[in-house]
Amino acid sequence: MDVLSDVLKTVRLTGAVFFERHLHAPWVGESPPSAAIASMVMPEAEHVISFHAILSGSCWAGLAGNSDSSMRFNAGDIVIYPMGDANVLSSAPGMRGLPDLQDYARPKDRPLPIVTRLDNDSADYCHLVCGYFGCDARPFNPLLEALPRMLLSQMSAAARGWLSNLLRLAAEEAGRGGAGSESLLARLAELMFVEVVRQYIIHLPEDSKGWLSGLKHRQVGHALRLIHGSPEKPWTLAELAREVGLSRSVFADRFAHYVGVSPMHYLGRWRMQLAVRHLVIPGISVAQVGAEVGYESEAAFNRAFKKHVGVPPGSWRRGKSSPAPE
């Protein structure tokens, strides 16, 4: 079981390349919090993540209102804001802009991306591709909880080169208006996200904590693969400890040290994430959903769901199926 791939599939990661910028200094662009524009850029997503990929030149990027976070980025670098924070890109450090929410409205007469060209006499050129990822955040997205507010590309030269080349080629295709270019860019954006996260995991210090570090740990990673491989199985602490070759107490302490919660609590939360995906399937009953994720009775599933999600599964389902207020 590839745990990262399982999580990305279950939380429905999607991508969209929204902007292509050709800029000459001086310039600045400030992006609002993704929650403020989510309904325009990715209306189907529960949570929206913004990203910027630098194809040519260089620029400065950081969290809006936090000058200490500003860093210089060069061609091939990628910066992702997993929490959807407001952020600033600029040709020089310390610059601020005023975002216009109308800039984020999807064009109805042409495909994405929205292309901007800022030409002047400056030789300081920067070519950017910017966009968004959508995913589920509730009831449980362990990846989202484990990522920093500002995720920087930490790639090898080879990985950075092929990904940058793919994005550049896709941007050129989009500029020509080729059929399917918007979908192509979206898939490439998703690929970029996965590769940045993979490289982030590789470069985590050996003594770091968190779910991503747990994936690298021999016994904790094994336990996570068992849980994700068979979440419906009636796992016990003793059985998981035996499978990974540790005593119950040592395994429980080690899992909590890395993941932040006990193995049984993690299993329960992940089952609820799976359950909400099943609940949106037409024709499947609440009892069937409960059985799919490992509960022998509907009553036990109802109790667990309400504990983790806050409402019974039937109420959650009705809320999702109700039409949005106009």
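Attention here is on the structure that accompanies the text. (Residues numbered from 1 in each chain as written. Predicted model: local features only at pLDDT ≥ 70, side-chain atom pairs only at ≥ 80, totals over all residues. Heavy atoms only, no water.)

The next subject is the packing of helix 7 (residues 218-229) against helix 8 (residues 237-244). It is at 9 Å that the axes of helix 7 and helix 8 come closest, and there the two elements cross at 125°. As the angle between them shows, helix 7 and helix 8 are arranged oblique. When the axes of helix 7 and helix 8 are compared, the crossing they make is right-handed. Facing Gln-219, His-222, Ala-223, Leu-226 and Ile-227 of helix 7, the residues of helix 8 in contact are Leu-240, Glu-243 and Val-244. Of the residues that constitute the contact of helix 7 with helix 8, the class distribution is five nonpolar, two polar and one charged. (Axes fitted to C-alpha atoms, helices over the stretch in contact; angles between N-to-C directions. Helix = DSSP H or I, 4+ residues; strand = E, 2+ residues; numbered from the N terminus. Parallel < 35°, antiparallel > 145°, perpendicular 65-115°, else oblique. Left-handed = near helix turned anticlockwise from the far one by under 90°. Contact = heavy atoms within 4.5 Å. Nonpolar A, V, L, I, M, F, W, Y, C, P; charged D, E, K, R; others polar.)

On to the packing of aromatic side chains, then. Under the criterion given, the structure shown has eleven aromatic pairs. Between Phe-251 and Phe-255, the aromatic rings sit 5.8 Å apart at their centres with planes inclined by 65°, giving edge-to-face as the arrangement. Taken together, the positions of Phe-251 and Phe-255, both in helix 9 (residues 248-259) and four residues apart, correspond to about one turn of that helix. Assessed through its relative accessible area of 0%, Phe-255 is described here as buried. In textbook terms, an aromatic cluster arises when at least three aromatic residues are bridged by ring pairs, as seen for Phe-18, Phe-19, Tyr-104 and Tyr-132. The ring of Tyr-295 has Arg-271 sitting right over it, with the charged end atom 5.2 Å from the ring centre. (Phe/Tyr/Trp six-rings, centres within 6.5 Å; stacked < 30°, edge-to-face > 60°. Buried < 20%, exposed > 50% of the residue type's maximum accessible area, 1.4 Å probe, protein only. Lys NZ or Arg CZ within 6 Å of the ring centre and 35° of its normal.)

Let's shift gears to the side chain of His-127. Tracing the chain through its elements places His-127 in strand 9 (residues 125-135). Judged by relative accessible area, His-127 falls into the buried class, the value being 8%. Only 2.8 Å separates the side chain of His-127 from the side chain of Glu-20, close enough to count as a polar contact. With residues near it in sequence (within four places) discarded, His-127 still touches Glu-20, Arg-21, His-22, Ala-53, Ile-54, Leu-55 and Ser-56. (Polar contact = N/O pair within 3.5 Å; in protein donor to acceptor, adjacent residues only side chain to side chain.)

Looking now at the packing of helix 7 against helix 9. Helix-helix packing: each pair is described by the crossing angle between the helix axes and the interaxial distance. At their nearest, the axes of helix 7 and helix 9 sit 10 Å apart, and the two run at 85° to each other. Here helix 9 runs roughly perpendicular to helix 7, going by the angle between their axes. In this structure, helix 7 contributes Gln-219, Val-220, Ala-223 and Leu-224 to the contact, and helix 9 contributes Phe-251, Arg-254, Phe-255, Tyr-258 and Val-259. Of the residues belonging to the contact of helix 7 with helix 9, the class tally is seven nonpolar, one polar and one charged.

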